Amino acid sequence: MAPQPAVPEIYEDELHSVVDARTESLQALRELGPPDLVHLVKQPKGTTNKVGVYHHVTGIDASSSASLAAHINTLTFTPHDKTNKVVSGLYCCYNAFSRLDMRVQVFIPGSVESYCIDERGEKRVASDELWLETYLCSVLRAYSYADDGSGDTIKKIVGVRRFNPITSTEAEHKFLDAAERLFFNGWQLGSDPEIQVPNLVSNHLTTGLLDYIHTTGRYASGINLFEKLRSRDPEIGSLLARVYIAADEEVKAVKLLHDSIQELPMDYSLLDCQADFVNKKGRGDLALEIAKRSVVSAPSEFGTWARLAEIYVSLEQWDLALLTLNSCPMFTYQDKDAPRMPEPLRVNLPVMPESQCDEIDDGAGLTDFETVHPTLRKLHAAGFKGTFLKAYKLLTKVTEKIGWDQLLRIRSQVFVMEEEYRHEKQTVAAHPQPSSRNASTSAIRSPSPQTNGHGPVEESGEGSANGEGQSSEAGDSLEKPESTIASEEVKAGSGSEDPDPSHSSYTQFQNKRLCERWLDNLFMVLYEDLRVYTIWRTEMAQYRQQQLVYKKTPDEWEILGELAERLHHFEEGVEAYQACLSAKFSPKAMRGVLKLYEQQGDVRNMLGSLIKLVTWQYRWYSEFSPPLLFTIRRLIEEEGTLKVRSIIQGTSLPQHVLELTHQYTALVASFRTPGTE
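Residues numbered from 1 in each chain as written. Predicted model: local features only at pLDDT ≥ 70, side-chain atom pairs only at ≥ 80, totals over all residues. Heavy atoms only, no water.

The name recorded for the chain in an unreviewed UniProt entry is Chaps-domain-containing protein, from Aplosporella prunicola CBS 121167.

Have a look at this one:
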C-alpha cells in the first residue's frame, strides 16, 4: 500500500475563525461548493492552551458520518509532532443539492456528533437522504477540483489533499448507484461556465459522470447507467450516444442518434452530438444543416453557435465563421467555489520523504513574476476562461489556417470599420437618400470587397498594444488591426436604442454587420500574441545565425511555450518548454513535452515525464490527477501492464518515487482494463 500524501498544516490566528468564515460563505456558494475543510484543535502537552490548524481535502468517502469520523481519526496520530496532542477534529463537507454544510465533530477521546448547517448558520438534523447527496457531491468535487497535471489548479488553493474517490469496482457501483438515484436533480448543481441554463443533460453531475467514464475507460458501466436512465427520459440519448462514440461503438451511436432525433427533432443536445460526430468524420457539409437546427432550437446557448462556427471553419467559409462567432452569446465566467479564509498565522507545507526527488525540487512551484518581462506578463489571452477561451481558440484556428493578413481582410469585408463609418456618415449628411435597409441585419454578401480598410496602419510599430515593450522590426511586420464600429457607438450617435434609421441609407455597408465589442477585443489580444511570438522567433533566428545563446528565464520560457501552443505552433512550444525544463522543473512545461512524446508514440519518454508529474503532484498533496490516470490507462491498453511496469522500474529515479507511479498502474489493473491481463 503506497503512502498517503503528507498533511499540510495551516495555523489559524484565532481558534475556530476558519469554521466561522466557512459558515459565513455558505450563502455565496453557487457551484459544487469548496473542497472539504478539516479543522483540528491541538493542545501542547502539559498546558491548557489550544491551537487551531486546518487543511482542505477532496475525494474522501462522505457517505456517512462514520466514514468522515474515521478520516479524522487517521489525522490524530502525527509522528512528526511529539509536543501536541489532537483534542478534537471537525470535518465539513458541502451538500450542493440541499445547500447545506454537513459537519462531523469528533472529540478525542470520546464522542462523535454529526449535524448540518444551513445558509443562515442554523443547525439541522443530518438524514440518510442528505448523506447520499453529500456523498455524490464529494465525488463530483474530487473530479472537478483535480489538477490536470499542469499544476494550475494546485497553485490556486494552498494545502489541499486530493484523493481518488473511486479506487475499486465496489466504489464505482456505489457512485453510479447514487448518480442514478439523484440524476433527475442534477440540474440543481449548476453547470460548466459555457452553459447558460443547466438542464437534464448539461450540468455538473453529467459532466462528472462523463469525466469519470473518459478517465477510467469504464464504458460498459456508463452505457448500462445511461440505458437505464434513457428508458425514463429519451433526452438522455445524447449522453448515451457520447459514451457509445467514446467506446468505439459508432454504429450503435449513429442508430441511437437517428432514432432519438426522430422522437425529439428539436433537442439541441442530440443535434449537437450528431453535428460534432459528422463534422469529425470530415463531412462538414452534412453537419452544417444539423448545427443550424441546433442553433434554432437553443439560440441563447454558446455551445450551439460555437459548433456552427467550428463547422464553417472546417468548410473554409471564413466570412461565415466570423459572423457566426460574432453571434455567440458570451457569459461572464463563474469560477469554481473557492474557500475564503482569514489570513493564517503561519503555514507548514511538509514533504513526505517518499515524494522527495532532486529532479523536481521547484521551490514552492510558483512563478516568480520578478523574472518575467512585462510584455510577456501582460499577454491577456493567458487569462481567458469559459466562453472567451473557446471563442479565442476558434479565432486562432482560423488564423493558423489563413494567416493574419487574410483574417484582417475578411474582417473588414464582413464588419463595418470605424473609418468607413465616419466617412459614410459625412457623405450621407451631405446627400441624404431614403432607404429601408438596416446595416446590422442585412445579409452578408459584399458586392465590392474592400481590402483591409486603407492600407497598413501607421502606428503598427508601437511596441505592445499599450504602446510599450520590446519594439522590433519583427513585430512591426504585422499589421495592427483597425477598429470596427461598435453597435454601442451607433446607438449613441442616434440617441436611441435602435440604430439610427438614416444608417440604412449608408450604401457602402448594407451588407455588413456591426462587430461585437468583445470580438473586437479578441482581435487586439490576438494581434498582441502574434506580435510577441513573431519577435521571439525572429530574435531567436538572429541569435542562432550569430551562434549566440538566446537567454530567457525559466518562467519566460514557460510563458513562451504556452504562447506557441495557443497559436497552434506545437513544435516551437515544445522547444520553449524544453528550454524551461533544462533550467528548472515545471509541471506545465513537462505536460507540454509529454504531448510531443504522445504524438511520437515514445513510450519510454512518456513514462519518464509521467513519473515526474505524478511525483510533483504528490509533493503538493495530490495522489489523483484524472488526465495523468487517463494517459497511464491508455499506455497500458496499448503496451500491456508488464511492459509499462518494467519501463518504470528501469528508470534511474529512486524506488520510493517509482512506487507513486506504480500506484496508478495498480489502480488501472484493479479495474481489469484491457492490457492488464
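### What to know about the pattern of salt bridges
Using the criterion set out here, one finds 37 salt bridges in the structure. Arg 218 serves as the salt-bridge partner of Glu 172, at 2.7 Å between the closest nitrogen and oxygen. Residue Glu 172 is located in helix 5 (residues 169-182), and its partner Arg 218 is located in the loop between helix 6 (204-216) and helix 7 (219-230); the two are separated by 46 residues in the primary sequence. Between Lys 588 and Glu 562 there is a salt bridge whose closest N-O contact spans 3.4 Å. Here the residue Lys 588 occupies a position in helix 23 (residues 587-600), and Glu 562 occupies one in helix 21 (residues 554-566), the gap between them amounting to 26 residues. According to the relative accessible area criterion, Lys 588 is buried, its value standing at 14%. Among the ionic contacts, a cluster of salt bridges with common partners joins Arg 242, Asp 272, Asp 276, Lys 280, Arg 307 and Glu 310. (Salt bridge = Lys/Arg side-chain N within 4 Å of Asp/Glu carboxyl O. Helix = DSSP H or I, 4+ residues; strand = E, 2+ residues; numbered from the N terminus. Buried < 20%, exposed > 50% of the residue type's maximum accessible area, 1.4 Å probe, protein only.)

### So, the packing of aromatic side chains
For the structure on display, the rule yields 14 aromatic pairs. Ring centres of Phe 388 and Trp 518 lie 6.2 Å apart, and the angle between their planes is 85 degrees; this geometry places the pair in the edge-to-face category. Here Phe 388 is found in helix 15 (residues 386-402), whereas its partner Trp 518 is found in helix 20 (residues 517-545), with 130 residues between them in sequence. Given a relative accessible area of 16%, Trp 518 falls into the buried group. Taking 6.4 Å as the distance between ring centres and 50 degrees as the angle between the ring planes, the aromatic pair formed by Trp 616 and Trp 620 counts as tilted. Comparing Trp 616 with Trp 620, the two get one shared label, buried. Of the aromatic side chains, those joined through ring pairs into one cluster are Tyr 533, Trp 536, Tyr 543, Tyr 550 and Trp 557. The positively charged end of Arg 346 is found above the aromatic ring belonging to Tyr 11, 3.8 Å away from the centroid. (Phe/Tyr/Trp six-rings, centres within 6.5 Å; stacked < 30°, edge-to-face > 60°. Lys NZ or Arg CZ within 6 Å of the ring centre and 35° of its normal.)

### Section: the pairing of strand 6 (residues 112-117)
Pairing geometry for strand 5 (residues 100-107) and strand 6, over 6 bridges, is antiparallel. For Val 104, the partnering residue across the bridge sits in strand 6 and is Ser 114. What sits between the antiparallel neighbours strand 5 and strand 6 is a turn of 4 residues, in which Gly 110 has the positive phi angle 130 degrees. Where strand 6 and strand 7 (residues 123-124) come together, 2 bridges link them in antiparallel fashion. Residue Cys 116 lies in a different strand from strand 7, and its bridge partner there is Arg 124. Counted along the chain from strand 6 to the antiparallel partner strand 7, the turn is 5 residues long, and its residue Gly 121 has a positive phi close to 85 degrees. (Pairing = 2+ DSSP bridges.)

### A closer look at the nonpolar core
By size, the foremost hydrophobic cluster in this structure holds 160 residues, and its most contacted members are Phe 175 and Phe 226. Broken down by element, the residue count for this core peaks at 12 residues, all from helix 20. When neighbours within four sequence positions are excluded, Phe 175 is seen to be in contact with Tyr 135, Leu 136, Val 139, Leu 140, Ile 166, Leu 209 and Tyr 212. Counting residues in each nonpolar core, the second largest holds 23 residues, with Val 57, Val 86, Cys 93 and Cys 116 among its members. (Core = buried A, V, L, I, M, F, W, Y, C linked by side-chain atoms within 4.5 Å. Contact = heavy atoms within 4.5 Å.)

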